[in-house]
Amino acid sequence: MTDLTALTLAEARDALKAKTFTAVELTDAYIDAMEKARVLNAYVTETPEKAREMARASDARIAAGKAGALEGLPLGIKDLYATKGVHTQACSHILDGFEPPYESTVSANLWADGAVMLGKLNMDEFAMGSSNETSHYGSVVNPWRRNGSDVNLVPGGSSGGSAAAVAARLCLGATATDTGGSIRQPAAFTGTAGIKPTYGRCSRWGLVAFASSLDQAGPIARDVRDAAILLKSMASVDLKDTTSVDIPVPDYEAAVGKSVKGLRIGIPKEYRLDGMPAEIDALWQKGIDILRDAGAEIVDISLPHTKYALPAYYIVAPAEASSNLARYDGVRYGLRVPGSDILDMYENTRAAGFGAEVKRRILIGTYVLSAGYYDAYYLRAQKVRTLIKRDFETVYAQGVDAILTPATPSAAFGIGEKADADPVEMYLNDVFTVTVNMAGLPGLAVPAGLSAEGLPLGLQLIGRPFDEETLFTLGSAVEKAVGTFSPAKWW
Amino acid sequence: MSVDTATVRRVARLARIKVTDDEAARMTNELNSILGFVEQLNEVDVAGVEPMTSVVSLKMRRRQDVVTDGEDAEAVTANAPVSEDHFFLVPKVVE
């Protein structure tokens, strides 16, 4: 039999339907691939027995003619998602041993549609990072390497395990989350497609909270069609999340491959940064040319508050994180380090349980919310956020259907390469993606080419609220022109 | 604005995170680097701008004020590092 892991999610779905192979055979192929790829450190927990059990149940449903939309398709789940009775630690030491007695709404939606769980995927601790180097479980290795090099590169973050597992074919697709770029940046670094949907499109219930006004679930997938298929199953209105929206979930897959003729694509001049690498600029121009040649209308636009999105984010996100992470006190779950009294126990537990990046953000958040500083920092940042959102509303009101930008300011970098850098330098990875979270909009990262060193580079498409369909249409047009990208297997 | 080591220690205390002298010194530098970065927000004219409270303008749903879950102390305390008879155990807080 040919290598089953070479198929896309859509191809595997159709082959299962045609009974070309069984869900158990497909699942076994992935379990084998995962075992052979442990050097990548993409999974923090593998659940082969659970996967086989779910696959057997899928085969029974297929035989009975009761197959769901994702029947028998093996997926990886980011460690941020609560999975009942299975390792859920947001890759933090402070959640040691935590196995929730409940299931996140998004993963429950996937299982209800018949998907198979392969295991939990590595990530930056509490989703705070852009390289997956802050995980308590160690760095994830990007399956991509520079031409002729054996230097290990980061897969991006925070959904680094998700992106690496999809690129290395260790799952058909993966769940991820995005607070400032955590789906789109790793997707760009690994040649995969990832979408952060509109805020409220997916339920946040059962996701370990980082910054609640920004966090959003989404998929990372082999290609645009697979991302569309996964998002349809993940999205839902949920009474357990009051910010989830009661808008029907469209058939996103139907938007893939549609004509882009007549769509107006905005090119924001503020995204042309000083010192931006020439190949990123060239990639952007290539994207513009592809969409123009496909019949879209290209218009220059201005989003004047773009440069303030990242600094505003580094007030709003840490502030919300400092509040959300107050719950880790050594009492109800996870790690406890004893102390001389209860305060000492809290302080010892949190000192030992949180990594350096998480502590840094909690301290920033605590500081900007502390008495006397709230107005100067937090309130001002929330006003700037209003202005950032208004920028987008203005261009959409002028008839722009979507916006095209680069996804990241560079290709993947080496593990440890930025270890001694200023924290702000790492934060700049998200300079193109964070605006989208601040405005609550959908953003799709789609691979668009390779760097001179042979590493994947991605473009970002930003849409109107709840218009993910247009992004899938445009993303598939880019994909049609450039193809898809896979790393040469070395592991 | 910038912070000194004493401020970092005070904030760490508020956040209930114990820090060593070395950590406090390192974090002072890192926090000042971040605070320096966010200072550019002062260039923005925010006069008359409403602070964002919700990124999606939808009316908050309400539900009936009824019990929907609970009565499962076993599940609630199952992950506690120390528990007894469905109670969380903590160091003595009242003499």
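Residues numbered from 1 in each chain as written. Chains lettered and ligands numbered in written order. Predicted model: local features only at pLDDT ≥ 70, side-chain atom pairs only at ≥ 80, totals over all residues. Heavy atoms only, no water.

## So, the nonpolar core
Within the largest apolar cluster, 184 residues are counted, with the highest numbers of intra-cluster contacts made by A:Phe126, A:Leu170, A:Phe392 and A:Phe472. Of all the elements, helix 9 (residues 309-324) of chain A adds the most residues to this core, at 10 residues. Those residues within four positions of A:Phe392 in sequence are excluded, and the remaining contacts are A:Tyr271, A:Leu303, A:Ile403, A:Thr435, A:Ala439, A:Leu441 and A:Ile462. Core analysis: the second largest hydrophobic core is formed by 5 residues, A:Tyr199, B:Met52, B:Val55 and B:Val56 among them. (Core = buried A, V, L, I, M, F, W, Y, C linked by side-chain atoms within 4.5 Å. Buried < 20%, exposed > 50% of the residue type's maximum accessible area, 1.4 Å probe, protein only. Helix = DSSP H or I, 4+ residues; strand = E, 2+ residues; numbered from the N terminus. Contact = heavy atoms within 4.5 Å.)

## A word on the packing of helix 9 of chain A against helix 11 (residues 356-369) of chain A
Residue and element names in this part refer to chain A. The interhelical angle for the contact between helix 9 and helix 11, taken along N-to-C directions, is 100°, at an axis separation of 7 Å. Judged on the interaxial angle alone, helix 11 and helix 9 are roughly perpendicular. Residues Tyr-314, Ile-315, Pro-318, Ala-319 and Ser-322 of helix 9 form the contact with helix 11, whose own contacting residues are Arg-361, Ile-362, Ile-364, Gly-365, Thr-366, Val-368 and Leu-369. Here the residues of the contact of helix 9 with helix 11 sort into 8 nonpolar, 3 polar and 1 charged. (Axes fitted to C-alpha atoms, helices over the stretch in contact; angles between N-to-C directions. Parallel < 35°, antiparallel > 145°, perpendicular 65-115°, else oblique. Nonpolar A, V, L, I, M, F, W, Y, C, P; charged D, E, K, R; others polar.)

## Some words on the side chain of A:Asp226
All names here are of chain A. Note on placement: Asp-226 falls in helix 7 (residues 224-234). Buried charged residue Asp-226 carries no salt bridge. Nearest counter-charge: Arg-222, at 5.9 Å. Within the local environment of Asp-226, its side chain forms a polar contact with the backbone nitrogen of Leu-9, the two atoms lying 2.7 Å apart. Ignoring anything within four residues of it in the chain, the contact list for Asp-226 reads Thr-8, Leu-9, Ala-10, Leu-172 and Ala-221. (Lys, Arg positive; Asp, Glu negative; His and termini not counted. Salt bridge = Lys/Arg side-chain N within 4 Å of Asp/Glu carboxyl O. Polar contact = N/O pair within 3.5 Å; in protein donor to acceptor, adjacent residues only side chain to side chain.)

## Some points on the packing of aromatic side chains
Residues and elements named next belong to chain A. Tallied over the entire structure, the rule returns 17 aromatic pairs over all chains. Taking the centre distance of 5.5 Å and the plane angle of 55° together, the rings of Tyr-102 and Trp-205 count as tilted. Taken as a pair, Tyr-102 in the loop between strand 2 (74-78) and helix 4 (105-112) and Trp-205 in the loop between strand 5 (193-196) and strand 6 (216-221) lie far apart in primary sequence, 103 residues in all. For the ring pair Phe-189 and Phe-413, a centre distance of 5.9 Å and an interplane angle of 90° mean the geometry is edge-to-face. (Phe/Tyr/Trp six-rings, centres within 6.5 Å; stacked < 30°, edge-to-face > 60°.)

## Observations concerning the sheet that holds strand 5 of chain A
Residues and elements named next belong to chain A. Here we have 11 strands laid out as an open sheet, ordered 1-3-2-4-6-5-10-11-9-7-8, and mixed in their pairing. Strands with a single pairing partner mark the edges of an open sheet, and in this sheet they are strand 1 (43-46) and strand 8 (297-301). Taken over all neighbouring pairs, the strand axes of this sheet differ in orientation by 30° on average, direction set aside. Looking at chain direction, strand 2 and strand 4 (residues 173-178) are connected through 2 bridges and run parallel. Note that in strand 4 the partner of Gly-76 across the bridge is Ala-174. This element, helix 4, spans strand 2, strand 3 (116-121), strand 4 and strand 6 of the sheet and lies at about 175° to strand 2. The sheet strands contacting helix 15 (residues 468-482) are strand 5, strand 7 (264-268), strand 9 (402-406), strand 10 (443-450) and strand 11 (456-463), and the helix crosses strand 10 at an angle near 5°. (Pairing = 2+ DSSP bridges.)

## Notes on the pairing of strand 10 of chain A
Residue and element names in this part refer to chain A. The element strand 10 is largely enclosed, with a buried count of 7 among its 8 residues. In this structure, strand 5 lies alongside strand 10, joined through 3 bridges in antiparallel fashion. Bridge assignment links Lys-196 to a residue of strand 10, and that residue is Gly-443. Bridge analysis of strand 10 against strand 11 gives 7 bridges, and the strand direction is antiparallel. Each bridged residue has a counterpart across the sheet, and for Val-446 the counterpart in strand 11 is Leu-459. Two successive antiparallel strands, strand 10 and strand 11, enclose a turn made up of 5 residues, where Gly-454 displays a positive phi of approximately 85°.

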